[in-house]
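Structural characterization, general
If you want the building blocks of each chain, they are given just below.
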Amino acid sequence: MMKENTIEIVGFHAHIYFNADNRDVAARVREGLTQFEVKLGRWHDKPIGPHPQAMYQVAFLPSQFGKVVPWLMLHREGLDILVHPETGDDLADHTLHSLWLGQKLELNVEFLRPRTTNASL
């Protein structure tokens, strides 16, 4: 009998992207998210990590996915949003296992690749 290779999703992140022209829209979306059991991250007004533009993160548990993501689908007001699971594999979570609402932005995936060290150096 073959054993299934399962990956546990321990949470989700939504990254809400914005710029100087639509920061007020992002603030309205953020305010709307307060009705859910989510953890709102701080505002990043410049690209950070793999993210190509300003954004804030929204963290939520798998039990909230069916409430938060449909709400974002209907209330994103034209903003681009990356939604991804948290499985412990940042690269796969942000690329293979992700979904986009709006335009798919190009992430700096090199930032997510595991760093290898050469012990012989």
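In short, a report on the structure.

Calculation rules
- Residues numbered from 1 in each chain as written.
- Predicted model: local features only at pLDDT ≥ 70, side-chain atom pairs only at ≥ 80, totals over all residues.
- Heavy atoms only, no water.
- Phe/Tyr/Trp six-rings, centres within 6.5 Å; stacked < 30°, edge-to-face > 60°.
- Helix = DSSP H or I, 4+ residues; strand = E, 2+ residues; numbered from the N terminus.
- Buried < 20%, exposed > 50% of the residue type's maximum accessible area, 1.4 Å probe, protein only.
- Lys NZ or Arg CZ within 6 Å of the ring centre and 35° of its normal.
- Pairing = 2+ DSSP bridges.
- Salt bridge = Lys/Arg side-chain N within 4 Å of Asp/Glu carboxyl O.

Moving on, we come to the packing of aromatic side chains. Taken as a whole and assessed by the stated rule, the structure comprises 7 aromatic pairs. A centroid spacing of 5.9 Å and a plane angle of 15° characterise the contact between Tyr17 and Trp100, whose relative ring orientation is stacked. Of the two residues, Tyr17 is situated in strand E1 (residues 11-17) and Trp100 in strand E5 (residues 99-101); the sequence distance between them amounts to 83 residues. Here Phe36 and Trp71 contribute two aromatic rings whose centre-to-centre distance is 5.9 Å and whose plane-to-plane angle is 65°, an arrangement assigned as edge-to-face. Remark: Trp71 occurs in helix H2 (residues 65-75) and Phe36 occurs in the loop between helix H1 (23-33) and strand E2 (39-40); sequence separation between them is 35 residues. Note on Trp71: relative accessible area 14%, which makes it buried. Through successive ring pairs, a cluster of aromatic residues spans Phe12, Phe60 and Phe65. Above the face of the Trp43 ring, Arg23 is positioned so that its terminal group lies 4.0 Å from the ring centre. If you follow Arg30 out to its NZ or CZ, it ends over the ring of Tyr56, 4.8 Å from the centre.

Once that is clear, we can look at the pairing of strand E4 (residues 81-86). With respect to burial, E4 is a largely interior element, 5 of its 6 residues being buried. Of the strand pairs in this sheet, E1 and E4 are connected by 6 bridges, and their pairing is antiparallel. Pairing of His13 across the sheet is with His84, part of E4. Relative to E5, E4 runs antiparallel, the two sharing 3 bridges. Following the sheet pairing, Leu82 is matched in E5 by Trp100.

The next subject is the pattern of salt bridges. Scanning the model with the defined rule gives 2 salt bridges in all. Arg23 is the salt-bridge partner of Asp45, the closest N and O atoms lying 3.0 Å from each other. Residue Asp45 is located in the loop between E2 and strand E3 (55-60), and its partner Arg23 is located in helix H1; the two are separated by 22 residues in the primary sequence. Glu77 is paired through a salt bridge with Arg28; the nearest N and O atoms lie 2.6 Å apart. Of this pair, Glu77 sits in the loop between H2 and E4 while Arg28 sits in helix H1, and the two are 49 residues apart along the sequence. The exposure class assigned to Glu77 is partly exposed, which follows from its relative accessible area of 44%. Overall, Arg28 belongs to the partly exposed group, its relative accessible area being 44%.

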